[in-house]
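Read off the chains here:
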Amino acid sequence: MRKPVLLLLLALLVAAVIGTVLLWRGPEARLRAGLERSGLSPEVAACAAEHMADALSIDQLRQLADLQRAGDTDDRETLERRMRALDDPQIVRVSARALTQCALGAVIDGI
């Protein structure tokens, strides 16, 4: 009797973990794609999106992903202005740090 209940609970736990991982990776993948569309190399965009996903909440990541859907963000100045309009200093700070680290890393790796 107990074994089926334990297996069901284990299956539910595994499903919850997988769902959480998929939920978390969704905004990161959209952010990475948006950074690439904004002119960053795929390597720098992937690096920055990963750092940002680690440091920002899921809601903050969704806000960033929504910036990409808000219209033309191929222009970096437009993207920067929209980020500041979110009025979230943590998003600006984390994004700037991640982009700087990743861009410098790419330069150093290319030397």
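None of these values were measured; they are calculated from a predicted model.

Break down the pattern of salt bridges for me, citing the residues and quoting the values.
Taken as a whole, this structure holds 1 salt bridge when the rule is applied. Among the salt bridges present, the one from Asp 59 reaches Arg 62, with a minimum N-O distance of 4.0 Å. Here Asp 59 and its partner Arg 62 are both found in helix 3 (residues 58-69), 3 residues apart, which amounts to about one turn of the helix.

Tell me about the state of the cysteines, and please be specific about residues and values.
By the definition in use, this model includes 1 disulfide. Note on cysteine connectivity: Cys 47 is disulfide-linked to Cys 102, with sulfurs 2.0 Å apart. Judged by the sign of its S-S torsion, about -70 degrees, the bond between Cys 47 and Cys 102 is left-handed. In this pair, Cys 47 is assigned in helix 2 (residues 42-55) and Cys 102 in helix 5 (residues 89-110), connecting sequence segments 55 residues apart. Classification of Cys 47 as partly exposed rests on a relative accessible area of 26%. Exposure remark for Cys 102: the relative accessible area of 4% places this residue in the buried category.

Provide a residue-level description of the packing of helix 2 against helix 5, including the pertinent values.
One way to put it is that helix 2 packs onto helix 5 with a least axis distance of 8 Å and a crossing angle of 145 degrees. The handedness of the crossing between helix 2 and helix 5 comes out as right-handed. Residue-level inspection shows Val 44, Cys 47, Ala 48, His 51, Met 52 and Ala 55 of helix 2 in contact with helix 5, the latter providing Gln 90, Val 94, Ser 95, Ala 98, Leu 99, Gln 101, Cys 102, Ala 103 and Ala 106. Grouping the amino acids of the contact of helix 2 with helix 5 by side-chain chemistry returns 11 nonpolar, 4 polar and no charged.

Rules used throughout
Residues numbered from 1 in each chain as written. Predicted model: local features only at pLDDT ≥ 70, side-chain atom pairs only at ≥ 80, totals over all residues. Heavy atoms only, no water. Salt bridge = Lys/Arg side-chain N within 4 Å of Asp/Glu carboxyl O. Helix = DSSP H or I, 4+ residues; strand = E, 2+ residues; numbered from the N terminus. Disulfide = S-S within 2.5 Å. Buried < 20%, exposed > 50% of the residue type's maximum accessible area, 1.4 Å probe, protein only. Axes fitted to C-alpha atoms, helices over the stretch in contact; angles between N-to-C directions. Left-handed = near helix turned anticlockwise from the far one by under 90°. Contact = heavy atoms within 4.5 Å. Nonpolar A, V, L, I, M, F, W, Y, C, P; charged D, E, K, R; others polar.

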